[in-house]
Amino acid sequence: LDVLLDGVRSVPGLSPGATSSGSTTVVLPSNIAAGTYYIIAKADADNAVPETQEANNTAARSTQIGSDLIVSALTVPAAGGSGATIVVNDTIKNQGTGAAAPSTTRFYLSTDTVLDASDTLLGGSRLVPDLAAGATGSGSTTVTLPQGLAVVTYYIIAMADAANAVVESQESNNTAARAIAIGPDLTIASLSIPYTNAAGATVSVADAVLNQGGDVAGSSTIRFYLATDVFFDANDPQLPGGQAVAMLGPGTSSTGSTSIT
């Protein structure tokens, strides 16, 4: 049942093709529940004008009533490991027009950016105090990642009002997602060789290998190749000599020197 709002606008007589524009202040009901509503304007609302068509006198525009919580900011570590704890920082904003009661933000691990029943609820949540219209609440939460994760990119999804304690004008915009790489990630952090060398010479190569991932990297081997450009491909021959690298924890590195011919 549509509610007639206080406020009307008088429209003068109009010639064929003529228009009349104006602004009207209307008062919304004080007991209206949060949600999406529509303001419908009806021309000739009193049926004072006989018209050729009486069924085309309305137009509608949507309006949001009440609070509306969103995750306006979310940061997670770039990397993590199975069973590791990480710190997630988030900001919850009430972008609605009404105050929002206290709520809870929870965090999920997903293989994509869309929260669904297949995603894993992570240990750790954050209580958000009541928020006035336009207000924000920020905080940090320590969450624990599950054991046995594959070495792939996952997503941490934060969900505002995860317990559905707040009646909002929109309930479908409460999540945000950020990527996190799970597993080790080895990179050559530094590399140096003599600038000039003779063909057939044996030279010393110094390097540092860094595990920039979030999980332990098992033992590995560095090998060296000769190329005519900076891009490694199948045309580059492997040089004699190599260097064994021991197991590396997250954020640790190994340095060494190798003689190659």
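Scroll up to find the structure.
Note that the structure is predicted; figures quoted are calculated from it, not measured. (Residues numbered from 1 in each chain as written. Predicted model: local features only at pLDDT ≥ 70, side-chain atom pairs only at ≥ 80, totals over all residues. Heavy atoms only, no water.)

Colleague: Quick question: what am I supposed to make of the overall build of the protein chain here?
Modeller: Scanning the protein chain from N- to C-terminus turns up zero helices and 15 strands. Taken against the 2.2 N^0.38 rule, which gives 18 Å for 261 residues, the C-alpha radius of gyration of the protein chain at 32 Å runs more than 25% over that of a compact globule. With respect to the three principal axes, the spread of C-alpha positions in the protein chain is 100 × 45 × 30 Å. Each of the 261 residues in the protein chain was classed as buried or not, and the buried ones make up 30%. (Helix = DSSP H or I, 4+ residues; strand = E, 2+ residues; numbered from the N terminus. Rg over C-alpha atoms; globule rule 2.2 N^0.38 Å. Buried < 20%, exposed > 50% of the residue type's maximum accessible area, 1.4 Å probe, protein only.)

Colleague: Before we go on, may I ask you to explain the side chain of Asp119 in this structure?
Modeller: Position of Asp119 among the secondary structure elements: in the loop between β6 (103–110) and β7 (120–128). No salt bridge is formed by the buried Asp119; the nearest opposite charge belongs to Arg106, separated by 14 Å. Within the structure, Asp119 has its side chain in polar contact with the side chain of Ser110 (distance 2.9 Å). Side-chain polar atoms of Asp119 contact the backbone nitrogen of Asp116, separated by 2.9 Å. Excluding residues within four positions of it along the chain, Asp119 makes contact with Tyr108, Leu109, Ser110, Thr111, Val114 and Ile157. (Lys, Arg positive; Asp, Glu negative; His and termini not counted. Salt bridge = Lys/Arg side-chain N within 4 Å of Asp/Glu carboxyl O. Polar contact = N/O pair within 3.5 Å; in protein donor to acceptor, adjacent residues only side chain to side chain. Contact = heavy atoms within 4.5 Å.)

Colleague: Please explain the nonpolar core as it appears in this structure.
Modeller: Note that soluble globular proteins tend to have their nonpolar side chains buried in a common cluster. Judged by nonpolar contacts, the single largest core of 24 residues is most densely connected at Val88, Leu145, Ile156 and Ile180. Elements that contribute at least two residues to this core include exactly β3 (69–75), β5 (85–94), β6, β7, β9 (153–159) and β10 (175–182). Beyond its immediate sequence surroundings of up to four residues, Leu145 is in contact with Gly80, Gly81, Gly83, Ala84, Ile86, Leu109, Leu122, Ile156, Ile180 and Ile182. Val203, Val205, Ile222 and Leu239 belong to the second largest nonpolar core, which has nine residues in total. (Core = buried A, V, L, I, M, F, W, Y, C linked by side-chain atoms within 4.5 Å.)

Bear in mind that shape data such as this cannot, by itself, settle questions of function.
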